[in-house]
Amino acid sequence: MNNYRKLITLDEFIFQREKDFAYSSGELSGLLRDIALASKIVNREVNKAGLVTEILGSAGTHNSTGDDQKKLDVFANDQFLSALKVSGECCGIASEESEEYIPFTEHQNAKYVVNLDPLDGSSNIDVNVSIGTIFSIFRRVSLSGPCVAEDFLQKGTQQVAAGYVIYGSSTMMVFTTGNGVNGFTLDPSVGEFFLSHPDIRIPGKGKVYSVNQGNYINFPEPIRRYIDWCTTEDKPTGRPYSFRYIGSMVADFHRNMIQGGIYMYPPVAPSNKGKLRLLFECNPLAFIAEQAGGKASNGEIPVMEIEPTELHQRLPVYIGSAEMVDKAEEMLRKSKMVEKV
Ligand code: AHG
Ligand code: MN
Ligand code: MN
């Protein structure tokens with residue numbers, strides 16, 4: 001018999017907290033439940049991925065940013081899309097897997113829109129390594145009728161709720177509605193998420209840095225200097241830090257949320273651009289990080305202060321423990337000042 005501390009299901013938690021939600025009309029609760037349901041279906045498929053041919057491998061198509069779409073990317077996208085469409089609590093979604101936003105014209109009076117990375121870390125699907133789903137919920141800015149691009153292109157500070165699901169050694173849903181961060185673990189035997197990580201606080205500093213170190217020679221000089229600083233011995237600050245990189249942002253971010261650390265995806269030559277997407281990855285995780293006491297920056301300003309101009313906008317990102325993000329920003333700023341002199 002398992003010993004649960006307290007059996008609070010995700011549904012109960014949402015019901016109890018509904019009055020604290022910024023807009024407590026029940027639709028936001030419905031959206032969170034829809035996302036949880038779709039994630040359970042995706043989880044079911046992930047768990048038998050090695051046994052069935054429909055899940056592993058490439059779908060033979062590419063998404064709008066040119067990434068190879070995996071079968072599970074397409075499957076997850078379809079699941080989230082239909083769960084959100086059927087219930088009528090949002091008037092449209094934008095997804096990393098679709099070039100344009102998708103209006104739900106049959107629900108054009110709904111108040112919310114959702115931005116989605118249905119399957120994060122798709123290069124890890126075929127090799128049985130943790131992957132995830134990331135979501136971000138906004139109240140629409142258009143007043144009525146079908147949703148418009150501006151509804152999706154809102155600054156991260158306007159998010160009403162955001163979260164992620166990690167399909168890892170256990171499956172967890174972690175989210176915020178702007179009132180702290182809570183984590184729920186799926187008990188697959190009963191098909192319910194239970195509150196397992198109440199009020200998550202990210203440690204102010206950690207001992208882990210996560211970056212695609214293989215890109216080192218293609219990072220700008222100040223980033224190389226920051227990485228060198230992370231790997232330099234200095235007992236008082238606990239350096240050298242450990243290096244951990246899973247290659248699924250959700251999984252790297254989740255580890256750092258629990259243990260402390262910084263995740264970085266800096267600009268990479270020759271494009272000198274970041275890879276990760278503002279709407280689908282960085283804004284939602286920035287909201288979670290800040291609500292847990294951490295930080296998220298593009299190297300100059302907080303991620304959530306960036307004014308989005310396009311759906312698939314990419315940016316450099318430094319996210320995690322507040323002191324570590326501050327240090328990375330400080331080193332980037334210093335080198336900018338030196339450049340100017
Ligand atoms: P996605 O699978 O949604 O396209 O996201 C992959 C992202 C992110 O999850 C991960 O941290 C990063 O890409 C890994 O990129 P590299 O392989 O370039 O390190
Ligand atoms: Mn992703
Ligand atoms: Mn993805």
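Keep in mind that what you see is a predicted model, and the values were worked out from it rather than measured.

## Focus on the overall build of the protein
Next up, step 1: Scanning the protein for helices and strands turns up eight helices and 17 strands.
Next up, step 2: Taking 2.2 N^0.38 as the reference for a compact globule, 341 residues should give roughly 20 Å; the C-alpha atoms of the protein span a radius of gyration of 20 Å, in line with that estimate.
Next up, step 3: Based on the C-alpha atoms only, the size of the protein along its principal axes is roughly 60 × 50 × 45 Å.
Next up, step 4: Considering the protein as a whole, with its 341 residues, one finds that 55% of them fall into the buried category.
Next up, step 5: Across the protein, contacts joining residues at least 24 apart in sequence account for 62% of those joining residues at least 6 apart.
Next up, step 6: As displayed, the protein has an accessible area near 15,100 Å², and 51% of this comes from carbon and sulfur atoms.
Next up, step 7: One way to put it: in the protein the 34 positive side-chain charges average out to a point 6 Å from where the 42 negative ones average out.

## Points about the nonpolar core
Next up, step 1: Grouped together as the largest cluster of nonpolar side chains are 61 residues, with contacts concentrated most on Tyr164, Tyr226, Met257, Ile262, Val317 and Ile319.
Next up, step 2: Here this core gets nine residues from one element, more than from any other, and that element is helix α7 (residues 278–291).
Next up, step 3: When residues of this core are assigned to domains, at least three map to each of domain 1 (2–197) and domain 2 (208–340).
Next up, step 4: Within the second largest apolar cluster, 41 residues are counted, among which are Ile8, Ala36, Ala49 and Leu186.

## Details of the site of ligand 1
Next up, step 1: Residues in close proximity to ligand 1 total 18 residues, the closest being Asp120, Asn212, Tyr245, Tyr263 and Tyr265.
Next up, step 2: Note that an oxygen atom of ligand 1 is positioned 2.5 Å from one of the side-chain N or O atoms of Tyr265.
Next up, step 3: Protein burial of ligand 1: of its 470 Å² of free accessible surface, 85% is covered by the chains.
Next up, step 4: For the shell around ligand 1, the secondary structure elements donating two or more residues are β5 (112–120), β13 (262–265) and β14 (276–277).
Next up, step 5: It is β5 that provides the largest number of residues to the shell around ligand 1, a total of three residues.

## Overview of the sheet that holds strand β17 (residues 317–320)
Next up, step 1: In space, the five strands of this open sheet follow the order β12-β11-β13-β17-β15, with mixed pairing throughout. Each edge of the open sheet is held by one strand with a lone partner, namely β12 (242–243) and β15 (295–297).
Next up, step 2: Packed onto the sheet, helix α6 (residues 249–259) meets β11 (208–210), β13 and β17 and runs at close to 165° relative to β11.
Next up, step 3: Packing of α7 onto the sheet brings it into contact with β15 and β17, and relative to β17 it is tilted by some 30°.

## Considerations on the packing of helix α2 (residues 27–47) against helix α3 (residues 71–87)
Next up, step 1: In contact at an axis separation of 9 Å, α2 and α3 are set at 150° when each is read in the N-to-C sense. Relative to α3, α2 is oriented roughly antiparallel. Read as a crossing pair, α2 and α3 show a hand that is right-handed. Contacts between α2 and α3 involve Leu31, Asp34, Ile35, Ala38, Ser39, Ile41, Val42, Glu45 and Val46 on the former and, on the latter, Leu72, Phe75, Ala76, Gln79, Phe80, Ala83, Leu84 and Ser87.
Next up, step 2: Within the contact of α2 with α3, the residues separate by chemical class into twelve nonpolar, three polar and two charged.

## Observations regarding the domain arrangement of the protein
Next up, step 1: Taken domain by domain, the protein comprises domain 1 (2–197) and domain 2 (208–340).
Next up, step 2: Summarising the inter-unit geometry, the C-alpha centres of domain 1 and domain 2 are found 24 Å apart.
Next up, step 3: On the side of domain 2, 31 residues touch domain 1, which itself brings 48 residues to the contact.
Next up, step 4: Summed over both partners, the interface of domain 1 with domain 2 comes to about 2,900 Å²; 64% of that surface belongs to carbon and sulfur atoms.
Next up, step 5: By the criterion of area lost to domain 2, the three top residues of domain 1 are Leu153, Lys155 and Tyr164, representing 21% of everything that side buries.
Next up, step 6: Here Arg277 makes a salt bridge to Glu96, at a shortest N to O gap of 3.5 Å.
Next up, step 7: At the boundary of domain 1 with domain 2, the tally comes to 15 residue pairs in polar contact (both at pLDDT 80 or more).
Next up, step 8: For the side of domain 1 that touches domain 2, the secondary-structure elements that each account for two or more residues are β3 (90–95), β5, β6 (131–139), β7 (161–167) and β8 (171–176).
Next up, step 9: A breakdown of the residues in the side of domain 1 that touches domain 2 according to their chemical character gives 19 nonpolar, 22 polar and seven charged.

## Notes on the sheet that holds β8
Next up, step 1: Ordered in space as β4-β3-β5-β6-β7-β8-β9-β10, the eight strands form an open sheet in which the pairing is mixed. Two strands in the sheet have a free side with no partner beyond their single neighbour: β4 (102–103) and β10 (192–197).
Next up, step 2: Pairing of β3 with β4, which is carried by two bridges, proceeds in the antiparallel orientation. Paired with Gly92 across the two strands is Pro103, which belongs to β4.
Next up, step 3: With respect to the sheet, α6 is in contact with β5, β6, β7, β8, β9 (181–187) and β10, its orientation differing from that of β7 by roughly 105°.

## A short note on the coordination of the manganese ion (ligand 3)
Next up, step 1: At 2.2 to 2.3 Å from the manganese ion (ligand 3) lie its protein donor atoms, namely Glu96 (OE), Asp117 (OD) and Leu119 (O).
Next up, step 2: Binding-site remark: the manganese ion (ligand 3) is held by donors from one chain whose sequence spacing is E-x20-D-x1-L.
Next up, step 3: Taken as a pair, the manganese ion (ligand 3) and the manganese ion (ligand 2) lie 3.7 Å from each other and share Asp117 as a ligand. In this pair, Glu96 is assigned in the loop between β3 and β4 and Leu119 in strand β5, connecting sequence segments 23 residues apart.

Here is what the cut-offs are and how they apply
- Residues numbered from 1 in each chain as written.
- Chains lettered and ligands numbered in written order.
- Predicted model: local features only at pLDDT ≥ 70, side-chain atom pairs only at ≥ 80, totals over all residues.
- Heavy atoms only, no water.
- Helix = DSSP H or I, 4+ residues; strand = E, 2+ residues; numbered from the N terminus.
- Rg over C-alpha atoms; globule rule 2.2 N^0.38 Å.
- Buried < 20%, exposed > 50% of the residue type's maximum accessible area, 1.4 Å probe, protein only.
- Contact = heavy atoms within 4.5 Å.
- Areas by Shrake-Rupley, 256 points an atom, 1.4 Å probe, with all protein chains shown as cover.
- Lys, Arg positive; Asp, Glu negative; His and termini not counted.
- Charge placed at Lys NZ, Arg CZ, Asp CG, Glu CD.
- Core = buried A, V, L, I, M, F, W, Y, C linked by side-chain atoms within 4.5 Å.
- Domains from an automatic or database assignment.
- Near = heavy atom within 4 Å.
- Polar contact = N/O pair within 3.5 Å; in protein donor to acceptor, adjacent residues only side chain to side chain.
- Pairing = 2+ DSSP bridges.
- Axes fitted to C-alpha atoms, helices over the stretch in contact; angles between N-to-C directions.
- Parallel < 35°, antiparallel > 145°, perpendicular 65-115°, else oblique.
- Left-handed = near helix turned anticlockwise from the far one by under 90°.
- Nonpolar A, V, L, I, M, F, W, Y, C, P; charged D, E, K, R; others polar.
- Buried area = accessible area lost by both parts, 1.4 Å probe.
- Salt bridge = Lys/Arg side-chain N within 4 Å of Asp/Glu carboxyl O.
- Donors = N, O, S within 2.8 Å, 3.2 Å for Na, K, Ca; no water.

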